[in-house]
Amino acid sequence: MQAPTEILQAIALQKCLKVTYNKMVVTLAPHILYTRHDEMYVDAVTTDRDGRPPRELKLGTFKVAGLSDLQVLEEAFDGMYGLYNEGDDKYKGVTLFAIQPESAAA
């Protein structure tokens, strides 16, 4: 099980990621890559869906196996700590890679 390089790069540089997911082109701000039941997942905020912004910003869970046509964009994002909590129990012991905590960025 190896994470796509594009996901790791997007998280490390806090750059948006353009992907195809469920036959839809979406732009994601990926915050964390982790495992669950021996599968890789990325939690990300969708910033664009088929060319339009979402009604509301929220953190979604995307199965890495379901992502295709991955492309790291030049568009940077700030960690959305109102939506993403790096201390959430679901990430304990299964985190593979995540954006830097808010305190480390300062």
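The structure under discussion appears in the preceding block.
To keep things clear, this report deals only with the structure shown in the data block. Counting restarts for each chain, with residues numbered from 1 along the sequence as it is written. Totals for whole chains, interfaces and linings use all residues, but because this is a predicted model, local features are given only for residues with pLDDT of at least 70 and pairs of side-chain atoms are given and counted only at 80 or more. The side-chain quantities take in all heavy atoms of the structure and omit both hydrogens and water.

Working definition: with a 1.4 Å probe on protein chains only, accessible area under 20% of the residue-type maximum means buried, over 50% means exposed, and in between means partly exposed. A run of H or I in DSSP counts as a helix once it spans at least four residues, and a run of E counts as a strand once it spans at least two, with each numbered from the N terminus. When helix α1 (residues 5-13) is considered as a whole, its buried residues turn out to be Ile7, Ala10 and Ile11. Seen end-on, α1 carries its buried residues on one side only, within an arc spanning 95°. On the buried face of α1, the contacting elements are β1 (15-21), β2 (24-36), β3 (39-49), β5 (67-76) and β6 (95-98). One or two positions beyond α1, positive phi appears at Gln14, with a value near 50°. To be clear, the arc concerns the directions from the helix axis to the C-beta atoms. Residues count as neighbours in contact if any of their non-hydrogen atoms are within 4.5 Å of one another.

This brings us to the packing of aromatic side chains. The criterion for an aromatic pair is that two Phe, Tyr or Trp rings (for Trp, the six-membered ring) have centres within 6.5 Å, with stacked assigned to planes under 30 degrees apart, edge-to-face to planes over 60 apart and tilted to the rest. In total, this model carries 5 aromatic pairs according to the counting rule given. Plain terms: the ring middles of Tyr21 and Phe62 are 4.9 Å apart, the flat faces sit at 75° to each other, and that makes the pair edge-to-face. Of this pair, Tyr21 sits in strand β1 while Phe62 sits in strand β4 (residues 59-63), and the two are 41 residues apart along the sequence. Given the relative accessible area of 7%, Phe62 is considered buried. Three or more aromatic residues link up through ring pairs in this structure, and these residues are Tyr34, Tyr41, Tyr81, Tyr84 and Tyr91. The ring of Tyr41 is capped by Arg36, whose NZ or CZ atom sits 4.3 Å from the centre of that ring. Remark: a charge is flagged as sitting over a ring if the NZ atom of Lys or the CZ atom of Arg is within 6 Å of the ring centre and within 35 degrees of the ring normal.

Here the focus is the pattern of salt bridges. Any carboxyl oxygen of Asp or Glu that lies within 4 Å of a side-chain nitrogen of Lys or Arg is treated as forming a salt bridge with it. Tallied over the full model, the rule gives 4 salt bridges. Measuring nitrogen to oxygen at the nearest pair gives 4.0 Å for the salt bridge that ties Lys63 to Glu39. Residue Lys63 is found in strand β4, and its partner Glu39 is found in strand β3; the two are separated by 24 residues along the sequence. What makes Lys63 partly exposed here is its relative accessible area of 32%. Where Lys92 meets Asp89, a salt bridge forms, and the shortest distance between an N and an O atom there is 2.8 Å. Across this residue pair, the class does not change: Lys92 and Asp89 are exposed.

Below, the discussion takes up the nonpolar core. Take the buried Ala, Val, Leu, Ile, Met, Phe, Trp, Tyr and Cys residues and link them wherever side-chain atoms come within 4.5 Å; each set so joined is a nonpolar core. The biggest cluster of nonpolar side chains holds 30 residues, and the ones touching the most others in it are Ile7, Val19, Leu33, Phe62 and Leu67. Elements that contribute at least two residues to this core include exactly α1, β1, β2, β3 and β5. Residues within four places of Leu33 in sequence aside, it is in contact with Ala3, Ile7, Leu8, Ile11, Met40, Tyr41, Val42, Val64, Val94, Thr95, Leu96 and Phe97.

Take a nonpolar patch on the surface next. Here the term patch refers to residues with relative accessible area over 30% and no salt bridge, with like charges joined within 9 Å and nonpolar side chains (Val, Leu, Ile, Met, Phe, Trp, Tyr) within 5 Å. Accessible surface is estimated by sampling points in the Shrake-Rupley manner with a 1.4 Å probe; for residues, cover comes only from the protein chains shown. There is a patch of nonpolar side chains on the surface, built from Leu8, Leu96 and Phe97 and spanning about 230 Å² of accessible area. By secondary structure assignment, the location of Leu96 is in strand β6.

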